[in-house]
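Each chain is listed here by its residues.
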Amino acid sequence: MIAIGSDHVGFRLKKEIERFLEQKEIVYKDIGTFSEERCDYTEFACKAAEQVARGICEKGILICGTGAGVSIAANKVAGIRCVCCSEPFTAEMSRRHNDTNMIAVGSRVVGVELAEKIVWQWLETPFEGGRHLNRVRQIAQIEQDQMRFV
Ligand code: RB5
C-alpha cells in the first residue's frame, strides 16, 4: 500500500495521481489534506512518513507547491529517505541507488502527465543493493548518531 499526502497547493495533483494509481490497480491510503483549504504541509508530510516508517505503507508519495517542504519534513522522520523530483531520471536513480521510500513532487513545478511519469518510474524501479546497500546503511547510521544530540 502507498501512502499519499499533500497540502492545499498539492491537493489537485494528489487527486490526479490517485486516479492514476487506481488505473494501475495500486492500492493507496490518502492521509489528506482533503480540500483546497489552506493548511500546513508539515502535518501531511509527517502523517504519510509515519505510515511508511512504521511499515503500515510500503512507500509514500507527497505533493506540495514545489515538493521541497514536504520532502524536508518527511526526511526528519527516522527511516525515511524521500527524494524531491521533477524528472523521471532522478526518480529512477533514487530507487536504484538510494532505496528511497518516499517521493515528493511539486504541483507548481510539474504537470499531471510528467508527475505520473515520475511516480510510475519511481514505483517500478527496484533497489539495486550491492555497494549501494552499504551507503544506505551509512545514512541510517548518521540518523542513529544524530539521535544522541537530541
Ligand atoms: C504553500 O504556499 C507552499 O509553501 C507549499 O505548498 C510548498 O511549496 C512548500 O514547500
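Described in the following lines is the structure provided in the data block. What you see is a predicted model; the values in this text were computed from it and never measured.

**Looking at the overall build of the chain**
- Each helix and strand in the chain was counted, giving six helices and five strands.
- If you list the helices and strands of the chain from N to C, you get β-α-β-α-β-α-β-α-β-α-α.
- Taking 2.2 N^0.38 as the reference for a compact globule, 150 residues should give roughly 15 Å; the C-alpha atoms of the chain span a radius of gyration of 15 Å, in line with that estimate.
- C-alpha extents for the chain along the principal axes are approximately 40 × 35 × 25 Å.
- A buried classification covers 45% of the 150 residues belonging to the chain.
- In the chain, of all internal contacts separated by at least 6 residues, the share reaching a separation of at least 24 is 69%.
- For the chain, the computed accessible surface area is about 8100 Å², with 49% contributed by carbon and sulfur atoms.

**Focus on the sheet that holds strand S3 (residues 59-64)**
- Strand order across the open sheet formed by five strands is S2-S1-S3-S5-S4, with parallel pairing between neighbours. Strands at the two margins of the open sheet, each flanked by one partner only, are strand S2 (28-30) and strand S4 (82-84). On average, each strand axis in the sheet is tilted by 20° relative to the strand beside it, whichever way the strands run.
- The pairing of S4 with strand S5 (residues 102-106) spans three bridges and is parallel. Bridge pairing in S5 links Val83 to Ile103.

**Topic: the site of the ligand**
- Residues in close proximity to the ligand include Asp7, Val9, Tyr41, Cys64, Gly65, Thr66, Gly69 and Arg108, which together make up its full environment.
- A distance of 2.6 Å separates an oxygen atom of the ligand from a polar atom in the side chain of Asp7.
- Gly65 has a polar backbone atom sitting 2.8 Å from an oxygen atom of the ligand.
- Within the complex, the protein chains bury 70% of what would otherwise be the 290 Å² of accessible surface of the ligand.

**Comments concerning the layout of surface pockets**
- Taken as a whole, the largest pocket encloses approximately 170 Å³ of empty space.
- Looking at the largest pocket, the residues that line it are Asn75, Lys76, Val77, Ala78, Ile80, Arg81, Ile139, Ile142 and Glu143.
- Looking at side-chain class alone, the lining of the largest pocket contains five nonpolar, one polar and three charged residues.

**A closer look at the pairing of strand S1 (residues 2-6)**
- Counting buried positions along S1 yields five of five residues, so the element is predominantly enclosed.
- Side chains Ile2, Ile4 and Ser6 project from S1 onto one buried face, and the interleaved Ala3 and Gly5 project onto a second face that is buried too.
- Handedness of the crossover is the feature at issue here: the chain leaves S1, passes through helix H1 (residues 11-23), returns alongside S2, and the resulting connection is right-handed.
- Of the pairings in the sheet, the one linking S1 to S3 comprises five bridges and is parallel in character. The residue of S3 that forms the bridge with Ala3 is Gly60.

What counts and what doesn't
- Residues numbered from 1 in each chain as written.
- Predicted model: local features only at pLDDT ≥ 70, side-chain atom pairs only at ≥ 80, totals over all residues.
- Heavy atoms only, no water.
- Helix = DSSP H or I, 4+ residues; strand = E, 2+ residues; numbered from the N terminus.
- Rg over C-alpha atoms; globule rule 2.2 N^0.38 Å.
- Buried < 20%, exposed > 50% of the residue type's maximum accessible area, 1.4 Å probe, protein only.
- Contact = heavy atoms within 4.5 Å.
- Areas by Shrake-Rupley, 256 points an atom, 1.4 Å probe, with all protein chains shown as cover.
- Pairing = 2+ DSSP bridges.
- Axes fitted to C-alpha atoms, helices over the stretch in contact; angles between N-to-C directions.
- Near = heavy atom within 4 Å.
- Polar contact = N/O pair within 3.5 Å; in protein donor to acceptor, adjacent residues only side chain to side chain.
- 1 Å grid on protein atoms, 1.4 Å probe; cavity = no way out; pocket = protein on both sides within 12 Å on 5 of 7 lines; lining within 4 Å.
- Points joined across faces, edges and corners; volume = space filled by probe spheres on them.
- Nonpolar A, V, L, I, M, F, W, Y, C, P; charged D, E, K, R; others polar.
- Right-handed = clockwise from strand over helix to strand, strands pointing away.

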